[in-house]
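Topology and contacts: notes
Residues per chain, in single letters:
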Amino acid sequence: RTPRTMFRGVQQLPPGEMLIVEDGRLQRRRYWDWSFPSARGEYASAPPERLADELRDHLAEAVRLRSHAQTPVGAYLSGGLDSSALVALLKQQTGSAPHTFSIRFDDNELDESAYQQRMVDFAGTQHSFVQCGYSDIVARFPETIWRTERPLLRTAPVAMGMLSELVRREGFRVVLSGEGADEVLGGYDIFKEAGIRQFWARQPDSILRPLLLKRLYPYLGLPQQQSLAYLRIFFGRDLDQAAQPCFSHLPRWTTTAMCKEFFSDEFKSRLSADVLAMIEQDLPDAMSSWAPLSRAQYLEMTTLLPDYLLASQGDRMLMANSVAGRFPFLDRRVIEFAATLPPHLKLRALNEKYLLKRAMERHLPADIVKRNKQPYRSPDTTPFFSGPMPDYVMDFLSAAALRRSGYFCYRRVARLIDKIQAGRAIGVKDSMAFVGILSTQLWHHLFVETHYRDMSSRRNKDFIRRRGVVEV
């Protein structure tokens, strides 16, 4: 987590901070932070239709500022509300049909091409797309780890790298992208989940309240009684901590932490940091007075967004092809205006991004505005197990390779692979674990083994220096 990186002696600058170099000294200084009114404070009180107009005006100005460039500006188009809003506003700014770019997946469950085409037809855009299949994920995953310079828990950056290649191939160097809309305007399921858990925490013995979670996660596919037991056990943890600043994210972080069970005993013994305590000590003092949704938004904005969405999945994939991404929803004025909105205008019961939908309903097709949020995902474990296991996967997950790196226990990893091959993998947990193990092994090979072995070579020393690879 920012400012730490995978490399000793190398830090990354946290969001909203500047680095001052003066008289040989380095100093970090915060110049901006996201803040909200207190839960009982004064939110914007204008009628919703007027606030929707203001939101659209702020967003239109953010698009106008980011559409200035010496080269043509295109836009990513997922088929969701956020990217479609940017395409509509970009067309209004330029007066001509923008060029749009999208990803299509061979996996029908993940593919959004029907909604992309709906928006292309509606806006009359010049459209290009890249088709991503299982073989692309497998073939490009090692290169993606080289570009991210860190392990991953998802394969999604692979397809984003393919998309930026398409943008560059089509002659564009700048694209607008919708990152930030969900964080700023209340679009993620985790916000709905946290709201239900807050409601449940008022009556922790209730049988009916946790069933609301099934409306968010119907794909659990469990029998009624088993599903209820799962919901109560997993999401019912820490209900007594509903007033704590990190309450909204505890289930997600618990799932991620389960990946640690695959670490070797020796490596586990070296892990002493309390990550939750580290996060909490960096939170603003005023956060305890904010509404629960505001606290959840702040956590999402300062954890997953900068370290993964904007870095590994965003800028690293864009700049690998010399494409600049611009993010209108992260405009300071848009963020600060959205912070003044009462929570119910962002998340209205289980209707996400309510005010953004109001703001864009006259400018977009109704089926785009009303469709349920579908987060961008790509196939994770399936590509590696849809046929014979790729050679590099077998190599890096072998007993010898796992012993050399020392991070993981071979027996535990082998059991996970057997479980996936037998079709008994349990959703997100096992998927994240597999991708995390494989990407860590690849990272170790690319940045530790290969470079340490070849450091006696002048050519390789230059190679390492050019890429900023330092001792781990």
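Anyway, here's the lowdown on the structure attached to this text. (Residues numbered from 1 in each chain as written. Predicted model: local features only at pLDDT ≥ 70, side-chain atom pairs only at ≥ 80, totals over all residues. Heavy atoms only, no water.)

Looking at the packing of helix H1 (residues 48-66) against helix H14 (residues 332-339)
The following threshold applies: Axis angles are defined between N-to-C directions and span 0 to 180 degrees, where every axis is a line fitted to C-alpha atoms and, for a helix, only to the segment in contact. A run of DSSP states H or I qualifies as a helix once it reaches four residues; a run of E qualifies as a strand once it reaches two. Both are numbered from the N-terminal end. The cut-offs work like this: below 35 degrees is roughly parallel, past 145 is roughly antiparallel, 65 to 115 is roughly perpendicular, and the gaps in between are oblique. Crossing handedness follows the turn of the near helix against the far one: under a right angle anticlockwise gives a left-handed crossing, and clockwise gives a right-handed one. What makes two residues a contact is simply this: any of their non-hydrogen atoms within 4.5 Å.
Packing of H1 against H14 leaves a shortest axis separation of 9 Å and a crossing angle of 165°. As the angle between them shows, H1 and H14 are arranged roughly antiparallel. Note on packing geometry: the crossing formed by H1 with H14 is left-handed. Contacts between H1 and H14 pair Leu51, Glu54, Leu55, His58, Leu59, Ala62 and Leu65 from the former with Arg333, Val334 and Phe337 from the latter.

Things to note about the pairing of strand E3 (residues 73-76)
Convention followed: The rule is simple: take the accessible area with a 1.4 Å probe, protein chains only, and divide by the maximum for that residue type; under 20% is buried, over 50% is exposed, in between is partly exposed. In this scheme, strands are said to pair when DSSP sees at least two bridges between them.
Of the two faces of E3, both are covered, the one formed by Val73 and Ala75 as well as the one formed by Gly74 and Tyr76. Sheet topology places E3 next to strand E6 (residues 174-176); three bridges connect them, and they run parallel. Paired with glycine 74 across the two strands is valine 175, which belongs to E6. Bridge analysis of E3 against strand E4 (residues 99-105) gives two bridges, and the strand direction is parallel. Across the sheet, tyrosine 76 pairs through a bridge with phenylalanine 101, a residue of E4.

With respect to the nonpolar core
Test applied: Here the nonpolar core consists of buried residues drawn from Ala, Val, Leu, Ile, Met, Phe, Trp, Tyr and Cys, with membership extended through side-chain atoms lying within 4.5 Å.
Counting 116 residues, the largest nonpolar core has Phe141, Leu364, Phe384, Tyr392, Phe434 and Leu438 as the members making the most contacts within it. If one sorts the elements of this core by residue count, helix H21 (residues 427-453) sits on top with ten residues. Dropping the residues within four chain positions of it, phenylalanine 434 is found in contact with Thr381, Phe384, Phe385, Val393, Leu397, Leu416, Ile417 and Ile420. If you look at the next biggest cluster of nonpolar residues, it comprises eleven residues, including Ala201, Leu231, Ala242 and Phe247.

Quick word on the sheet that holds E4
Taken together, the five strands give an open sheet; going across it, the order is E5-E4-E3-E6-E7, and neighbouring strands pair in parallel fashion. On the outer flanks of this sheet lie strand E5 (126-132) and strand E7 (324-326), each paired with one strand and no other. Sheet twist, expressed as the mean angle between neighbouring strand axes with direction ignored, is 30°. Summarising the sheet, E6 and E7 pair through three bridges and their orientation is parallel. Each bridged residue has a counterpart across the sheet, and for leucine 176 the counterpart in E7 is arginine 326. Contacting E4 and E5, helix H3 (residues 113-123) crosses the sheet at an angle of about 165° to E4.

Some thoughts on helix H5 (residues 156-169)
What sets the pattern is the α-helix's 3.6 residues per turn: residues three or four places apart point alike. For clarity, the cut-off: Given the number of residues in a helix, its expected span is that number minus one, multiplied by 1.5 Å.
Between its terminal C-alpha atoms H5 stretches 21 Å, which fits the 20 Å expected from 14 residues at 1.5 Å a residue. A large share of H5 lies buried, amounting to twelve of its 14 residues. By the burial criterion, the buried members of H5 are Ala156, Pro157, Val158, Ala159, Met160, Gly161, Met162, Leu163, Ser164, Glu165, Leu166 and Val167. In this fold, the buried residues of H5 make contact with E3, E4, E5, helix H4 (134-148), E6 and helix H13 (304-319). Remark: glycine 171 follows H5 within two positions and exhibits a positive phi of approximately 90°.

Just distances and angles here, no functional claims.
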